[in-house]
Amino acid sequence: MAESSNPLPLEIRTERLVLRSARAGDGAALREAIGVSLDDFYPWLSIAAQLGDLETMERVSRLAESSFEKGEFYVWRVWDRGGVMIGSVDLHSLDRAVPSCEIGYWLRSDWTGLGFAQEFVSAAIEVARNELGVERIEARCDVRNERAWRLVERLGFSFEGIVRHDERDAAGELCSNKVYALISADVERDRSKSA
Ligand SMILES: CC(C)(COP(=O)(O)OP(=O)(O)OC[C@H]1O[C@@H](n2cnc3c(N)ncnc32)[C@H](O)[C@@H]1OP(=O)(O)O)[C@@H](O)C(=O)NCCC(=O)NCCS
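Because the structure is predicted, anything quoted here is derived from the model rather than measured.

Chemist: Tell me about the overall build of the protein chain, residues and numbers included.
Modeler: Secondary structure summary: the protein chain contains seven helices and eight strands in total. Since a compact globule built from 195 residues should have a radius of gyration of about 16 Å, the 16 Å found for the protein chain is in line with a globular shape. Taking the principal axes of the C-alpha coordinates as reference, the protein chain spans close to 45 × 40 × 35 Å. Sorting the 195 residues of the protein chain into buried and exposed places 33% on the buried side. For the protein chain, contacts bridging at least 24 residues in sequence account for 62% of all contacts bridging at least 6.

Listed below in structure tokens is the structure:
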């Protein structure tokens, strides 16, 4: 893979996992991870409606690699130590003037309920705050997608409100999203609580 000119790490290690920037060659693992998770992803994730053949998933991977290199959209695929792709986390909608970004994530269905998403989403938040220097990280979760918003609540995000009918879900239905954000004050609050 070409050397990236942006400052974010291509690889992040956590206690049980390795986050690797999305890259060409990920297509087969990506297709398998999404394929086994369709019942959980649909209708929250647009990628569930876009699952395609190997060539399509390779194209998605090449595009993600190029966006990462350009510093436009950062996606890390998440691997267990045995080489299974178990999830994905991304930082997108970067506004370098604030600076702020939005976070997205998914975990392969057969790996839920074990704290893996919490582990890799936390790692991406650390990178966003410490290396990208963002003040605000936003998460938007469909009001019906309780597992998704429970996760950011556990990670200290504050609930800011509901935006109604601001987009269509993967089934084409209008949906409403809960907006959460983590700003420095939230992090300070949690630090002083645990001190
Ligand atoms: C949202 C999603 C990532 C949440 O996955 P998850 O496994 O529930 O999340 P976590 O990794 O935080 O795991 C939490 C669960 O693991 C349990 N757990 C076990 N060991 C744990 C540990 N060491 N640390 C933390 N939690 C642990 C928790 O008790 C909790 O269990 P519960 O669900 O019975 O309450 C997953 O459901 C998903 O990918 N959904 C579809 C995609 C999606 O909606 N993405 C978000 C779009 S906004």
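Chemist: How would you explain the pairing of strand β4 (residues 85–95) if you had to name every residue and give the values?
Modeler: Relative to β4, strand β3 (residues 74–80) is paired through six bridges, and the arrangement is antiparallel. Within β4, the position partnered with W79 by the bridge is M85. Counting the residues in the hairpin turn of β3 and β4 gives four residues, including G83, whose phi is positive at 90 degrees. Strand direction decides the pairing type here: β4 and strand β5 (residues 100–107), joined by seven bridges, are antiparallel. Residue pairing for β5: G87 is matched across the bridge by L107.

Chemist: I'd like to hear about the site of the ligand, residue by residue, with values.
Modeler: The ligand sits among 19 residues. The nearest are T112, G115, A117, Q118 and A148. For the shell around the ligand, the secondary structure elements donating two or more residues are α2 (38–41), β5, α5 (116–130) and α6 (146–154). Tallied by class, the residues present in the shell around the ligand amount to 12 nonpolar, five polar and two charged.

Chemist: Tell me what's going on with unusual backbone geometry, and back it up with residues and numbers.
Modeler: P43 follows Y42 through a cis peptide bond whose omega is 10 degrees. Summarising the element assignment, P43 is placed in the loop between α2 and α3 (46–49). With omega at -10 degrees, the peptide bond leading from V98 into P99 counts as cis. With a phi angle near 50 degrees, H165 is a residue other than glycine that sits in the positive phi range. As for its position among the elements, H165 is in strand β7 (residues 158–168). Overall, H165 belongs to the exposed group, with 10 C-beta atoms counted inside 10 Å.

Chemist: Describe α6, with residues and values.
Modeler: Burial in α6 covers these residues: A148, W149, L151 and V152. Buried residues of α6, seen end-on, are gathered within an arc of 150 degrees and therefore sit on one face of the element. What points out from α6, more than 90 degrees from its buried face, is the exposed set E146 and R150. Among the structural elements, α5, β6 (136–142) and β8 (174–183) are those in contact with the buried residues of α6. Note on α6: the residue one or two positions beyond its end, G156, has a positive phi of about 95 degrees.

Chemist: Residue-level account of the sheet that holds strand β2 (residues 17–21), with values.
Modeler: In any sheet, the strands associate via hydrogen bonds between backbone groups, in a parallel or an antiparallel arrangement. Strand order in the open sheet formed by eight strands is β1-β2-β3-β4-β5-β6-β8-β7, and the pairing between neighbours is mixed. What marks the edges here is a single partner per strand, and that holds for β1 (11–13) and β7. Adjacent strand axes in the sheet meet at a mean angle of 25 degrees when their direction is disregarded. Against the sheet, helix α7 (residues 184–194) contacts β7 and β8, and its axis sits at roughly 60 degrees relative to β8.

Chemist: With reference to specific residues and values, describe the nonpolar core.
Modeler: Looking at soluble globular proteins, one finds that nonpolar side chains tend to be buried together. Core analysis: the largest hydrophobic core is formed by 46 residues, its most contacted members being W76, V89, I103, F120, V121, A124 and A128. Ranked by residues supplied to this core, first place goes to α5 with eight residues. When neighbours within four sequence positions are excluded, A124 is seen to be in contact with W76, V89, L91 and I103.

What counts, and where the lines are drawn
- Residues numbered from 1 in each chain as written.
- Predicted model: local features only at pLDDT ≥ 70, side-chain atom pairs only at ≥ 80, totals over all residues.
- Helix = DSSP H or I, 4+ residues; strand = E, 2+ residues; numbered from the N terminus.
- Rg over C-alpha atoms; globule rule 2.2 N^0.38 Å.
- Buried ≥ 20, exposed ≤ 12 C-beta atoms within 10 Å, placed from the backbone.
- Contact = placed C-beta atoms within 7 Å.
- Pairing = 2+ DSSP bridges.
- Near = placed C-beta within 6 Å.
- Nonpolar A, V, L, I, M, F, W, Y, C, P; charged D, E, K, R; others polar.
- Arc of directions from axis to C-beta.
- Axes fitted to C-alpha atoms, helices over the stretch in contact; angles between N-to-C directions.
- Core = buried A, V, L, I, M, F, W, Y, C linked by C-beta atoms within 7 Å.

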